[in-house]
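# Report on the structure
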Amino acid sequence: MTAMIAKIVVRTIPALDKAYDYLVPLNFKIKKGQRVIVPFGKVKKEGIVVDLVSSSPFSDLKKVHSIMETEPLLTEELIEMAYWMHKRYLSPLGACVFAMIPAGMDLVCTRYYFLTSNIDWDDSIRDRDPALFLATDLDSIYEEVSRGSTLFDYDLDIIGRLLALDLICFKEHWHQKGVKPKTRKGYVLKNPIGATTPKQKKVVEVLESGALLQEEILTKANVSVAVLKSLREKNVIKELAMPVRRNPLDSRETSRSFALSLNPEQKKILLDLLEEPNKSRENQKNTYLIFGITGSGKTEIYLQAIADCLKKGKKALVLVPEIALTTQMVDRFVSRFGSQVAVLHSALGKGERYDEWQRVKNDEANVVVGARSAVFAPLDNIGIIVLDEEHEDSYQQDDKLPYYHARDLAQFRARWHGVKLVLGSATPSLDSYKRALDGEYGLGVLRKRATKQTLPKVHIVDMREELKSGNRTIFSNKLRDALEDHLKSGRQAILFLNRRGFSSFVLCRECGMVLSCPNCDVSLTYHLKNNKLTCHYCNYQTSPPKKCPVCRSPYIKHFGIGTERIETEILALFPGVKTLRMDIDTTRRKNAHQKLLDKFKKHEADVLIGTQMVAKGLDIPNVTLVGVVTADTSLNIGDFRAYEKTFQLLTQVSGRAGRGEFPGEVVVQTYTPEHYAIRYAKDHDYLRFFEKENQFRLKASYPPYSHFAQVLFEGEDEKRVNTALLECNRIFGTSLSKDIKVIRCGSAPIKKIKRMYRYNILLRSYSWDGLAGFLREKNSDIMGIGRKNRVRVLIRIDPSSVL
């Protein structure tokens, strides 16, 4: 029988870019997608089998050492998607493959040491290694290995010398590093004849249907632990370690909900979604965009489409952009589909995530709801995929490997299963809406709110005029009066500012020096709660100085505002009003998003103050006022998508008002009321914004009419980083096609982050295939330049930001 060859992607740091060939022992029953242990260099490593072939161009292949699971960990679909990611985003193959497996499931090896024989150590060591004989730990090592030990606390050199003398040996045990199944004490019936008392017989009766947890037995049989102890000693029952689920939804209380009546617009879209899609995996018409104003009932359409899918024996994957939104969406799905729902996102504990992932893999959940990484869920037999708030940047991962956009991977999975991908948004990305207009996507439009409530009235306040009138506070007269009116009426308000902290920078009024981070090319933000100046990029902290460190002037002032400052001002303006703040500083702990939103829903606070976490997806009926403290923050970020992001944020946060029985009101404060992003957001007019922004993008040859790629060089030595940039630019200069242009070559807009200098080349092309093909062809040269100059290189195609 000819031996089989396994192509295996090995887990390494940094991730490797290819699969390696290994010989499969004849007695191994190996499958594609299984996790294995293989020799790699001088050590053994974890790997995933990505293919099985009959021959290899290489000779003297090493053999697979062991197989870790009887069934594949990854499906063929997920393996193919990893290859697709590798090709599309130029991410290392290893990073793409292991992204499919949740954190904490990586394998580690523990060695257990034993005596090789009962030979006397003293004589053997004295004769063969006199220096080792003087070691003080030998007696305790001997004692430990005589019963088997990991020897974690002992010198590796001594252990190595004992191995060389053949006085000890070891066995390797591979196991998951971070998580393992959680168990609790339980019992199973073994010999019922031994039960004599009525209470003992009751326990036997309870266990006749199968093993139970100890607490279940105590409750059902109404007995004490002493009864179980007696039965165990009499060999009537046997103690077990029974697996239990770490349920992330245990603390959630949801009541059962039922399908709502749909209006004509909703019905038409639902019928479109229930049509059998084209089964061709290359047909992008399988993507359907729901463009519906805020509160138009997109989620109810998702729910009813998924209900139809479940009736047909299929499964559903639902993606949301923010962890803050996951809780709210999960509540709605659990109320409709109960225990069929599994939740996957990075804020779960590793154990919870592992258990939910296993539920999905073992066909114990039919609906998966989660954030970006849930796109890797091991879900088979998919019938529909939903990507809500599709315009959100958080669906794209381009700050760490592997790079990907969840929308692209969702489209891959939809094509694989021959099903529809449903994109939903009140403010679709220009790319998606243009594709829908061009006929590449299906399109459904919702123009009315499902509750028949009108969209909130939006007031634009010119803060320049407020300043002229003598108002130097952070709140305009209009917003202050609106807050007073709504709070007096028992309603709730949301105040939005996309900047955390108390003040955004600290400036010396004598010499003009701005206190900056020593590690990053950004100013420090003042946080009142801990009285620290903090960098929001590297988390550097320092105490605010009393004198300018440059000119020693005492005239230092805090400028700008953040969410912390807003909260302080509200509490001063409205004594007795209860506030909650929702930003990164207040949501670091597990379930913090959920707890804050639950409090606000229960009206345990009157005003919710937050960054973009509060701007989308929240559906709280008693919120009737939204205040945008400054609309200009995102207009001036130096990114070509700045106007689009501003329009989306303003429209989305405005949509949080008036979703219940009472009408809503929005006050937007700005220093640029004439800007079209703000004017069209005031009127909730996406179509006119699209027309204007689309003309700008077309004229400037920006996406969606072209594609960008960023080649970024990072390193602590600025000279080396600049040298790598220039060398790469020289290579590009001699080989660029007419279609590919260098539109930026130099330091990145933020020149330094976390002590790493950042220089970049920005490329533009009208052809994605041409751009990706060129970078793929030059990839080894670019990476070689990075290694030569000892700098890090990142290649990102269509990045969410080029800062």
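The structure under discussion appears in the preceding block.
Residues numbered from 1 in each chain as written. Predicted model: local features only at pLDDT ≥ 70, side-chain atom pairs only at ≥ 80, totals over all residues. Heavy atoms only, no water.

## Looking at unusual backbone geometry
With an omega of -5°, the peptide bond running from leucine 401 to proline 402 counts as cis. Following proline 703, the chain continues to proline 704 via a peptide bond in cis, the omega torsion being 15°. By the element assignment, proline 704 lies in the loop between helix H22 (686-700) and strand E31 (707-715). Non-glycine residue asparagine 539 carries a positive phi angle of around 70°. When you line up the elements, asparagine 539 lands in the loop between strand E24 (532-534) and strand E25 (541-542). Judged by relative accessible area, asparagine 539 falls into the partly exposed class, the value being 49%. (Helix = DSSP H or I, 4+ residues; strand = E, 2+ residues; numbered from the N terminus. Buried < 20%, exposed > 50% of the residue type's maximum accessible area, 1.4 Å probe, protein only.)

## Thoughts on the packing of helix H15 (residues 430-437) against H22
One can describe the packing of H15 onto H22 by two numbers: an axis separation of 11 Å at closest approach and a directional angle of 100°. With respect to H22, the axis of H15 lies roughly perpendicular. On H22, the residues touching Leu430, Tyr433, Lys434 and Leu437 of H15 are Tyr686, Leu687, Phe689, Phe690, Glu693, Asn694 and Arg697. Among the residues forming the contact of H15 with H22, the class breakdown is seven nonpolar, one polar and three charged. (Axes fitted to C-alpha atoms, helices over the stretch in contact; angles between N-to-C directions. Parallel < 35°, antiparallel > 145°, perpendicular 65-115°, else oblique. Contact = heavy atoms within 4.5 Å. Nonpolar A, V, L, I, M, F, W, Y, C, P; charged D, E, K, R; others polar.)

## A short note on the sheet that holds strand E33 (residues 756-765)
Spatial ordering of the open sheet is given by E32-E33-E31-E34, a layout of four strands whose pairing is antiparallel. With partners counted over all chains shown, the strands left at the sheet margins are strand E32 (741-753) and strand E34 (792-797), one partner each. Strand after strand, the sheet turns through a mean of 20° between neighbouring axes, direction not considered. Against the sheet, helix H23 (residues 718-735) engages E31, E32 and E33, with an angle of about 15° to E33. (Pairing = 2+ DSSP bridges.)

## Notes on the pattern of salt bridges
As enumerated under the stated definition, the model contains 48 salt bridges in all. A salt bridge links arginine 435 to aspartate 431; the nearest nitrogen and oxygen atoms lie 3.2 Å apart. A residue pair is termed a helical-turn pair when its members lie 3 or 4 positions apart in one helix, as arginine 435 and aspartate 431 do in helix H15 at four residues. Residue classification places arginine 435 among the partly exposed positions, given a relative accessible area of 23%. Judged by its relative accessible area of 24%, aspartate 431 is partly exposed. Residue arginine 720 pairs with aspartate 717 through a salt bridge whose shortest N-O separation is 3.8 Å. Among the ionic contacts, a cluster of salt bridges with common partners joins Arg11, Arg35, Glu46 and Glu69. (Salt bridge = Lys/Arg side-chain N within 4 Å of Asp/Glu carboxyl O.)

## Focus on a positive patch on the surface
On the surface, a cluster of positive charge is contributed by Lys529, Arg589, Lys595 and Lys599. With respect to the secondary-structure elements, arginine 589 resides in the loop between strand E27 (579-582) and helix H19 (592-601). (Patch = residues over 30% accessible without salt bridge, like charges linked within 9 Å, V, L, I, M, F, W, Y side chains within 5 Å. Areas by Shrake-Rupley, 256 points an atom, 1.4 Å probe, with all protein chains shown as cover. Lys, Arg positive; Asp, Glu negative; His and termini not counted. Charge placed at Lys NZ, Arg CZ, Asp CG, Glu CD.)

## Details of the sheet that holds strand E14 (residues 367-370)
Across the sheet, which stays open at both edges, the seven strands sit in the order E13-E14-E12-E15-E18-E11-E19 with parallel pairing between neighbours. Each end of this open sheet is capped by a strand with a single partner; those strands are strand E13 (341-344) and strand E19 (442-446). Taking each pair of neighbouring strands and ignoring which way they run, the sheet shows an average axis angle of 15°. Here five bridges tie strand E11 (residues 287-292) to E19, and the two strands are oriented parallel to one another. In the sheet register, glycine 292 faces E19, and the bridge partner there is leucine 446. Here helix H13 (residues 350-361) sits on the sheet in contact with E13 and E14, set at roughly 135° to E13. Strands E11, strand E18 (420-425) and E19 of the sheet are contacted by H15, whose axis makes an angle of about 110° with E11.

## Examining the environment of histidine 486
With respect to the secondary-structure elements, histidine 486 resides in helix H17 (residues 477-488). Separated by 105 residues in sequence, histidine 486 and asparagine 381 place their C-alpha atoms 49 Å apart. Dropping the residues within four chain positions of it, histidine 486 is found in contact with Arg491, Thr624, Leu625 and Glu665.

## Considering the state of the cysteines
Applying the stated criterion across every chain yields a total of zero disulfides. We note that cysteine 548 lacks a disulfide partner, and the nearest cysteine sulfur, in cysteine 508, lies 3.7 Å from it. (Disulfide = S-S within 2.5 Å.)

## Considering the pairing of E33
With eight of ten residues buried, E33 lies mostly within the body of the structure. For E31 and E33, the ladder comprises nine bridges, and the chain directions are antiparallel. Within E33, the residue paired with glutamate 714 across the bridge is arginine 758. As paired elements, E32 and E33 share eight bridges and run antiparallel to each other. Pairing of lysine 741 across the sheet is with arginine 764, part of E33. Taking the residues that link successive antiparallel strands as the turn, the E32-E33 hairpin has two residues, and the phi of lysine 754 there is positive, at about 55°.

## A word on the environment of phenylalanine 58
Looking at the element boundaries, phenylalanine 58 is found in the loop between strand E4 (43-53) and strand E5 (66-67). Put simply, phenylalanine 58 and aspartate 21 are 37 residues apart on the chain and 7.8 Å apart in space, counted from C-alpha to C-alpha.

## Focus: the packing of helix H1 (residues 76-89) against helix H14 (residues 406-417)
Direction vectors running N to C along H1 and H14 enclose 135°, while the axes themselves pass 11 Å from each other. Judged on the interaxial angle alone, H14 and H1 are oblique. Crossing geometry of H1 relative to H14 is assigned as right-handed. On H14, the residues touching Glu76, Glu77, Leu78, Glu80, Met81, Trp84, Met85, Arg88 and Tyr89 of H1 are Asp408, Leu409, Phe412, Arg413, Arg415, Trp416 and His417. Per-class residue counts for the contact of H1 with H14 are eight nonpolar, one polar and seven charged. (Left-handed = near helix turned anticlockwise from the far one by under 90°.)

## Topic: the packing of aromatic side chains
One pass over the full model with this rule turns up 24 aromatic pairs. Relative to tyrosine 404, the ring of phenylalanine 376 has its centre 5.1 Å away and its plane inclined at 65°; by these criteria the two rings are edge-to-face. Here phenylalanine 376, found in the loop between E14 and strand E15 (382-388), pairs with tyrosine 404, found in strand E17 (residues 404-405); they are 28 residues apart in sequence, far enough to count as distant. The burial state of phenylalanine 376 is the same as that of tyrosine 404; both residues are buried. Lying across the ring of phenylalanine 170, arginine 111 places its NZ or CZ 3.8 Å from the centre. Between the NZ or CZ atom of arginine 491 and the centre of the ring of phenylalanine 662, over which it lies, the distance is 3.4 Å. (Phe/Tyr/Trp six-rings, centres within 6.5 Å; stacked < 30°, edge-to-face > 60°. Lys NZ or Arg CZ within 6 Å of the ring centre and 35° of its normal.)

## With respect to the pairing of strand E21 (residues 492-496)
Counted residue by residue, E21 has five buried out of five residues, so it is predominantly covered. The side-chain alternation of E21 yields two buried faces, one formed by Gln492, Ile494 and Phe496 and the other by Ala493 and Leu495. Here E21 runs beside strand E29 (residues 623-628); their pairing, made up of five bridges, is parallel. Among the inter-strand pairings, isoleucine 494 is bridged to a residue of E29, identified as valine 626. Sheet topology note: the E21/strand E28 (residues 607-610) ladder contains four bridges and is parallel. When the sheet's bridge partners are listed, leucine 495 is paired in E28 with isoleucine 609.

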